[in-house]
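If you want the building blocks of each chain, they are given just below.
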Amino acid sequence: VWEFAHPEEGGNVGFHEFAHLMTAQGLALAEKDRGSWPELLAIEGTRVRRDESLLDDYALLNEDEFFAVASELCFTVPRRFRNWHRKLYAVLVRCYRQDPALWLDTGEPEPDRPPRRRPRRRTTPARTP
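Residues numbered from 1 in each chain as written. Predicted model: local features only at pLDDT ≥ 70, side-chain atom pairs only at ≥ 80, totals over all residues. Heavy atoms only, no water.

Trainee: What's the story with the pattern of salt bridges in this structure? I'm lost.
Mentor: Oppositely charged side chains are able to pair whenever their charged atoms sit close together. Under the criterion given, the structure shown has three salt bridges. Where Arg 47 meets Glu 44, a salt bridge forms, and the shortest distance between an N and an O atom there is 3.5 Å. Separated by three residues within a single helix, Arg 47 and Glu 44 lie in helix 3 (residues 37–49), roughly one turn from each other. (Salt bridge = Lys/Arg side-chain N within 4 Å of Asp/Glu carboxyl O. Helix = DSSP H or I, 4+ residues; strand = E, 2+ residues; numbered from the N terminus.)

Trainee: Just to check I follow, could you spell out the packing of aromatic side chains for this structure?
Mentor: Between two aromatic rings, the relevant description is the distance of the centres plus the angle of the planes. In total, this model carries seven aromatic pairs according to the counting rule given. Clustering of aromatic rings is evident, with ring pairs tying together Phe 15, Phe 18, Trp 37, Phe 66, Phe 67, Phe 75 and Tyr 96. (Phe/Tyr/Trp six-rings, centres within 6.5 Å; stacked < 30°, edge-to-face > 60°.)

Trainee: What is the right way to look at helix 6 (residues 86–96) in this model?
Mentor: Quick reminder: α-helices carry 3.6 residues per turn. Residues three or four places apart thus point the same way. Those residues of helix 6 that fall on the buried side of the exposure criterion are Leu 88, Tyr 89, Val 91, Leu 92, Val 93, Cys 95 and Tyr 96. Elements that come into contact with the buried residues of helix 6 comprise helix 2 (13–24), helix 3, helix 4 (63–76), helix 5 (78–84) and helix 7 (100–103). Once helix 6 ends, the next one or two residues include Arg 97, with phi positive near 55°. (Buried < 20%, exposed > 50% of the residue type's maximum accessible area, 1.4 Å probe, protein only. Contact = heavy atoms within 4.5 Å.)

Trainee: Even after reading the chapter, I still don't get the side chain of Glu 65, so can you show me in this structure?
Mentor: Within the fold, Glu 65 resides in helix 4. By relative accessible area, Glu 65 is classed as buried at 13%. The residues touching Glu 65, leaving out its near neighbours within four places in the chain, are His 16, His 20, Tyr 58 and Ala 59.

Trainee: Please clarify how the environment of Gln 98 should be interpreted in this entry.
Mentor: Along the chain, Gln 98 falls in the loop between helix 6 and helix 7. Here the alpha-carbon distance between Gln 98 and Phe 75, two residues 23 residues apart in the chain, equals 9.5 Å. Residues contacting Gln 98, with those up to four places away along its chain left out, are Phe 75, Val 93 and Trp 103.

Trainee: Just to check I follow, could you spell out the state of the cysteines for this structure?
Mentor: By definition, a disulfide links the sulfur atoms of two cysteines through a covalent bond. Under the definition given, this model contains zero disulfides. Cys 95 provides the cysteine sulfur closest to Cys 74, a residue in no disulfide bond, and the two sulfurs are 8.7 Å apart. (Disulfide = S-S within 2.5 Å.)

Trainee: What is the right way to look at unusual backbone geometry in this model?
Mentor: A positive phi angle, near 60°, is found at Asp 51, a position not held by glycine. Relative to the elements of secondary structure, Asp 51 occurs in the loop between helix 3 and helix 4. The class for Asp 51 is exposed, based on a relative accessible area of 53%. Phi at Arg 97 is positive, roughly 55°, even though this residue is not glycine.

Laid out in structure tokens, this is it:
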């Protein structure tokens, strides 16, 4: 609920989990983007590690998490995301067949630096005695 009330933070577990459903159903990428996806993933992963990205390091866990984290940003801060990640944003626009930057008015500025990121909760498997 908090994330829907504060989209400017860039996180939204609802969008995140929906993106996982998309990947589980094999609907994550448009046909034209499948070949260039690994290269884009590598480029964007480097940007995350250098702290030059709107994506947080949770996106580096695996390809599915990367897609889910990027999807959150695409729908919560679309103009900011488009400014920082033009190629990745274009891939997601084709994937979802939506352009949130055109129709979603979040009242967000288009800043020259990344937004503050809330730490994600990570769960660890229970230890066996």
